[in-house]
2 protein chains.
Amino acid sequence: MTGVPSPIGPDADGSVTTYAADWAWLPAGCTPDVRIAVAGGRVQAVSTSATPQLGDEHLVGLVLPGLANTHSHAFHRALRGRTHSVAGRESSFWTWREAMYEVAARLTPDTYLALARAVFGEMLLGGVTTVGEFHYLHHRPDGRRYDDPNAMGRALLEAAAAAGLRVTLLDACYLVGGFGPGGYARLEGTQRRFGDGDAAAWAARVDALSDTPSARIGAAIHSVRAVPAAQLPVVVEASRGRPLHVHLSEQPAENQQCLAATGLTPTGLLDRAGVLGPATTAVHATHLSEDDIARLGRSGTSISVCPTTERDLADGIGPGRALADAGSRLTLGSDQNAMIDLFEEARALEMDERLASGERTRFAPEELVAALTGAGQAALGWPDAGRIELGARADLVSVRLDSVRTAGTDPDQALLAATASDVETVVVDGRVVVRGGRHLGMDVAAELRSALAALRG
Amino acid sequence: MTGVPSPIGPDADGSVTTYAADWAWLPAGCTPDVRIAVAGGRVQAVSTSATPQLGDEHLVGLVLPGLANTHSHAFHRALRGRTHSVAGRESSFWTWREAMYEVAARLTPDTYLALARAVFGEMLLGGVTTVGEFHYLHHRPDGRRYDDPNAMGRALLEAAAAAGLRVTLLDACYLVGGFGPGGYARLEGTQRRFGDGDAAAWAARVDALSDTPSARIGAAIHSVRAVPAAQLPVVVEASRGRPLHVHLSEQPAENQQCLAATGLTPTGLLDRAGVLGPATTAVHATHLSEDDIARLGRSGTSISVCPTTERDLADGIGPGRALADAGSRLTLGSDQNAMIDLFEEARALEMDERLASGERTRFAPEELVAALTGAGQAALGWPDAGRIELGARADLVSVRLDSVRTAGTDPDQALLAATASDVETVVVDGRVVVRGGRHLGMDVAAELRSALAALRG
């Protein structure tokens, strides 16, 4: 697992394009009348109080840096609007998981490519320029390897390239089926698709994948339930220099089982194994002790908060503000993709904190923008993205300020009112992928419909 | 305060229009291939397993009955995206209220007409066919009456007629400025616009307003903070035969002050005064005791839950499920209009319950549809709306099932995925007001922009 991202975006051709933005979110804040010159996929110049020039491409409204979706399971999109109730039965986290395993059992590299391409297209329409795809559906339904053991991961990489966004493939080590009475349980049923046997075999498989200018190979520990404690250091060692993500304390049951089996909280267990640190992102981090929060913050571990999923799965409200105060950078993920709207994720982070605390303005607008952009891009291994400044990757997301939703808002608070439907233009590494709210290379809704229909057979 | 709504919608002209719906939400549930014949603003026939006929108007996706927005303060739309932080200061409920009072102080009948027309247009784009406008901005800034003492209320009625939806003007009695140390406090500053002196004077003023085929005059008690206990029976008596709404226990402080001053909870106080009952709707009902819940349910009082506002103002999560189980009908409101998307309100009702309870599927889809439609229409005094059945008001809202948001969803769970942007066609009392996602009579976004700009001066 080696490789350094190219300093030049994939469409570099030497020509300069200049964008004239009504407003742009620069490192100094929300700024009117900004010209942004782009060449070779990078920002070459930024000028403020600027008059648009002939030949500029006008970007209406507010231009944000590219949004990062730090936690996605693309195939969960197939469950959207299908698990609220099932055949009249009430639904729980566990009936949801059954439904998810049914979809997981049916996917092939071909159907997954088609579905993920459409889902990534949906993300682009909402301003996402990098997705972190948390990937554990590695093998055939019976657990045997495909001829190319990375066939499923390569389908995801190809889907991202075809859709036109950057991807960090967070290839997950998933070895066991949870804490059992006599030790860790074996993988059963659909779970057999997830397993590589041990962490060394997982690392060897992942080592066959390579970075490209628009894709990074990252690593993941599915959770403390899925990787035995003794195997954690192997994953850590194999993922050095890479983003490393891990599901953490999404449900109270995980905490109870981990404490009973190891005497440590999941955070404590990860800390002991050397998993925490600035290259690591903990996903959810919902049910934490004060000591957990301090460990995550002190180690500089980033957090991927996934509020619409955490609502949907009845997980609860995590301690986002406390984690940020302790030193963790917050980022946002659409996770199960029951909804793909990063603005709603940011709003939900703020609103759920309000519900839990009884106080308003738990996060300043610039903190929410950082979570949506720079902090998220960094957590996915793209530290040169997520800011509009000289030398940065030229990701630009223009958000209408004149729609029925955003009319009348202060530009620097518009993200509290905007939805994905307000995204007008999306530029990824200097290349315009979405214009006028439409993906220039695909009919996203049609591809979603056909990919989902094919999956149902 | 007398008058009976006309049995015929405003556009009755005798001709029959037949709509062919891919799916329609009928009283029996979500049903494919439905033809709906409409004449005189009423549903004249409903057939299922029907083949579309030449001349039918095709309604794509899922056709819902008209949505009811049971709690709106139209002028709060001016605060959207402007109170998250103010000049870098943190915001609380109280800084929010300051900002709200500043807008309230500036409105005239003319600027309010323009703003409300645009806001009601925004509601129509999201499928709202009846709005309950909770109105307390009655008088001049210094408290003197306008030449027509109902000038502001008439502006709201005119705005609804111009936009093309039905309105229930919930004219609010607002007499005092809260529980004070030596009795109720006097109205001060902007609050002087709200006051009529006493409940008899309020009733006399409201009595000059009349129902029309598309407008009902309802009544409201602003809250137990704003109407002295001794005046409550006067309001109840004057509003017989009318919808009566009341803000209830939105913030814990109201409960504490009411208990200290009267020895009763706000619910207990309203119950003693005869306010509760099937014609009454309690708005928010967030902080309730078990006894409060039992009283509201037993009396058949409806509830207007306003989840996006309750999040935004950090009110907390109310006991929606418990209220429904106790016998109250739940309805939904956009309240401060920081967002106008009734689907998000319904989703938030369900999702916030999940966060509070740790359980999924707190409400069946048909319960959420009832809250959005029939229960809400009834709470606004339109019991013949909100259902697609013979003789009912012909309100039809078609929601795309093929958008990037809704593709692949089960039609009967699509409202868990849809947003206001997915509304394609809106028929109000047999008249098509929105088609192709556009209001046929106004450019809503442009009207919002100009009305909001005029208000800032």
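The structure presented is a predicted model; accordingly, all values stated were derived computationally and were not measured.

Analysis parameters
Residues numbered from 1 in each chain as written. Chains lettered and ligands numbered in written order. Predicted model: local features only at pLDDT ≥ 70, side-chain atom pairs only at ≥ 80, totals over all residues. Heavy atoms only, no water. Helix = DSSP H or I, 4+ residues; strand = E, 2+ residues; numbered from the N terminus. Rg over C-alpha atoms; globule rule 2.2 N^0.38 Å. Contact = heavy atoms within 4.5 Å. Areas by Shrake-Rupley, 256 points an atom, 1.4 Å probe, with all protein chains shown as cover. Lys, Arg positive; Asp, Glu negative; His and termini not counted. Charge placed at Lys NZ, Arg CZ, Asp CG, Glu CD. Expected span 1.5 Å × (residues − 1). Axes fitted to C-alpha atoms, helices over the stretch in contact; angles between N-to-C directions. Left-handed = near helix turned anticlockwise from the far one by under 90°. Nonpolar A, V, L, I, M, F, W, Y, C, P; charged D, E, K, R; others polar. Least-squares fit on C-alpha atoms with pLDDT ≥ 70 in both. Buried < 20%, exposed > 50% of the residue type's maximum accessible area, 1.4 Å probe, protein only. Pairing = 2+ DSSP bridges. Buried area = accessible area lost by both parts, 1.4 Å probe. Salt bridge = Lys/Arg side-chain N within 4 Å of Asp/Glu carboxyl O. Phe/Tyr/Trp six-rings, centres within 6.5 Å; stacked < 30°, edge-to-face > 60°. Polar contact = N/O pair within 3.5 Å; in protein donor to acceptor, adjacent residues only side chain to side chain. 1 Å grid on protein atoms, 1.4 Å probe; cavity = no way out; pocket = protein on both sides within 12 Å on 5 of 7 lines; lining within 4 Å. Points joined across faces, edges and corners; volume = space filled by probe spheres on them. Parallel < 35°, antiparallel > 145°, perpendicular 65-115°, else oblique.

Draft legend 1. Just the overall build of chain A, in detail. Secondary structure assignment for chain A yields 14 helices and 18 strands. For chain A, the C-alpha radius of gyration of 21 Å lies close to 23 Å, the compact-globule estimate for 457 residues. In terms of its C-alpha atoms, chain A occupies a principal-axis envelope of roughly 70 × 50 × 50 Å. Contacts in chain A between residues at least 24 apart in sequence constitute 75% of all its contacts with a sequence separation of at least 6. Carbon together with sulfur atoms contributes 52% to the accessible area of chain A, which is approximately 14,900 Å² in total. Distance between charge centroids for chain A: 4 Å, based on 41 positive and 54 negative side chains.

Draft legend 2. Representation of helix 11 (residues 342-357) of chain B in the model. Spanning 16 residues, helix 11 of chain B covers 23 Å between terminal C-alpha atoms, matching the ideal 22 Å at 1.5 Å per step. Looking one or two residues past helix 11 of chain B, B:G358 carries a phi angle of roughly 75°, positive in sign.

Draft legend 3. Main features of the packing of helix 2 (residues 109-125) of chain A against helix 3 (residues 151-163) of chain A. Residues and elements named next belong to chain A. Direction vectors running N to C along helix 2 and helix 3 enclose 35°, while the axes themselves pass 8 Å from each other. Between helix 2 and helix 3 the crossing geometry is right-handed. Along the contact surface, helix 2 presents P109, Y112, L113, A116, R117, F120, G121 and L124, while helix 3 presents A151, M152, A155, L156, E158, A159, A160, A162 and A163. Tallied by class, the residues present in the contact of helix 2 with helix 3 amount to 14 nonpolar, one polar and two charged.

Draft legend 4. Structural view of the relation of the copies chain A and chain B. The transform that puts chain A on chain B rotates by 180° and translates by 0.0 Å along the axis, for an RMSD of 0.0 Å. On this basis, the relationship between the two copies can be described by a two-fold rotation axis. When C-alpha distances to the rotation axis are compared across chain A, the minimum falls at A:S421, with a value of 3.7 Å.

Draft legend 5. Just the pairing of strand 11 (residues 244-248) of chain A, in detail. All names here are of chain A. Most of strand 11 sits out of view: five of its five residues are buried. Of the two faces of strand 11, both are covered, the one formed by L244, V246 and L248 as well as the one formed by H245 and H247. The sheet contact formed by strand 10 (residues 215-221) and strand 11 spans three bridges and is parallel. Paired with I221 across the two strands is V246, which belongs to strand 11. Taken together, the five bridges between strand 11 and strand 12 (residues 280-284) define a ladder with parallel strand orientation. Bridging across to strand 12, L244 finds its partner in T280.

Draft legend 6. Structural context of the sheet that holds strand 4 (residues 57-65) of chain B. Residues and elements named next belong to chain B. Spatially, 3-2-1-4-15-16-17-18 is the arrangement adopted by the eight strands of the open sheet, whose pairing is mixed. The sheet terminates laterally at strand 3 (42-47) and strand 18 (438-439), the two strands that pair on one side only. Examined bridge by bridge, strand 1 (residues 16-26) and strand 4 share five bridges and lie parallel to one another. Pairing of Y19 across the sheet is with E57, part of strand 4.

Draft legend 7. Region of the structure containing the interface of chain A and chain B. Taken residue by residue, the interface counts 56 residues in chain A and 56 residues in chain B. In total, about 4,500 Å² of surface goes out of reach between chain A and chain B, with carbon and sulfur atoms giving 52% of it. Contact with chain B buries surface across chain A, with A:H84, A:L355 and A:R360 losing the most and accounting together for 20% of the total. Run the count over chain A and chain B and you get eight salt bridges.

Draft legend 8. Representation of the packing of aromatic side chains in the model. Residue and element names in this part refer to chain B. One pass over the structure, following the stated rule, counts 14 aromatic pairs over all chains. Between Y136 and Y174 the ring centres are 5.8 Å apart and the planes differ by 45°, which places this aromatic pair in the tilted class. Remark: Y174 occurs in the loop between strand 7 (166-173) and strand 8 (179-180) and Y136 occurs in the loop between strand 6 (128-135) and helix 3 (151-163); sequence separation between them is 38 residues. Classification of Y136 as buried rests on a relative accessible area of 5%.

Draft legend 9. Main features of helix 2 (residues 109-125) of chain B. Residues and elements named next belong to chain B. Compared with the 24 Å implied by 1.5 Å per residue over 17 residues, the 24 Å span of helix 2 between its first and last C-alpha is a close match. The element helix 2 is extensively covered by neighbouring structure, given that 13 of its 17 residues are classed as buried. Looking one or two residues beyond helix 2, the residue adopting positive phi is G127, at roughly 90°.

Draft legend 10. Looking closely at the environment of B:R435. Residue and element names in this part refer to chain B. Positionally, R435 belongs in strand 17 (residues 431-435). The exposure class of R435 is partly exposed, given its relative accessible area of 39%. Excluding its chain neighbours within four sequence positions, the residues that come into contact with R435 are E57, E424, T425 and L440. There is a polar contact of 2.9 Å between the side chain of R435 and the side chain of E57.

Draft legend 11. Expanded view of the environment of B:L372. All names here are of chain B. Examined against the element boundaries, L372 turns out to sit in helix 12 (residues 365-372). The class of L372 is buried, set by a relative accessible area of 1%. Along the sequence, L372 and A326 sit 46 residues apart, while their C-alpha atoms lie 19 Å from each other. The residues contacting L372, other than those within four sequence positions of it, are G66, L67, A68, L332, L342, F343, A346 and L415.

Draft legend 12. Summary view of the layout of surface pockets. Residues and elements named next belong to chain B. Space inside the second largest pocket adds up to approximately 480 Å³. Together, 31 residues line the second largest pocket, and F93, W94, R97, H222 and R225 are the ones closest to its centre. Mapped by element, the contributors of at least two residues to the lining of the second largest pocket are helix 1 (93-106) and helix 6 (252-262). It is helix 1 that provides the largest number of residues to the lining of the second largest pocket, a total of six residues. Its residues placed into classes, the lining of the second largest pocket shows 13 nonpolar, 13 polar and five charged.

Draft legend 13. Spatial organisation of the pattern of salt bridges. Counted under the stated rule, the structure contains 76 salt bridges over all chains. Two residues, A:R242 and A:D211, come together in a salt bridge whose shortest N-O distance is 2.7 Å. A residue pair is termed long-range when its members are at least 10 positions apart, and A:R242 in the loop between helix 5 (232-238) and strand 11 and A:D211 in the loop between helix 4 (199-206) and strand 10 qualify at 31 residues. For A:D211, a relative accessible area of 16% gives the class buried. Between B:R77 and B:E122 there is a salt bridge; the shortest N-O distance is 3.0 Å.

Draft legend 14. Highlighting the side chain of A:Q191. All names here are of chain A. Mapped onto the fold, Q191 is located in the loop between strand 9 (183-184) and helix 4. Since its relative accessible area comes to 8%, Q191 is described here as buried. Reaching out from Q191, the side chain makes a polar contact with the side chain of Y101 at a distance of 3.2 Å.

Draft legend 15. Highlighting the packing of helix 2 of chain A against helix 14 (residues 444-456) of chain A. All names here are of chain A. At a minimum axis separation of 9 Å, helix 2 and helix 14 run at an interaxial angle of 150°. With respect to each other, helix 2 and helix 14 are oriented roughly antiparallel. Handedness of the helix 2/helix 14 crossing: left-handed. Counted together, T111, A114, L115, R117, A118, V119, G121, E122 and L125 of helix 2 and V444, E447, L448, A451, L452 and L455 of helix 14 form the full contact between these two elements. Of the residues belonging to the contact of helix 2 with helix 14, the class tally is ten nonpolar, two polar and three charged.

Draft legend 16. Main features of the side chain of B:T308. All names here are of chain B. Residue placement: T308 occurs in helix 9 (residues 307-312). A polar contact is formed between the side chain of T308 and the side chain of E345, at a distance of 2.6 Å. Not counting chain neighbours up to four residues away, the residues in contact with T308 comprise M339, E344 and E345.

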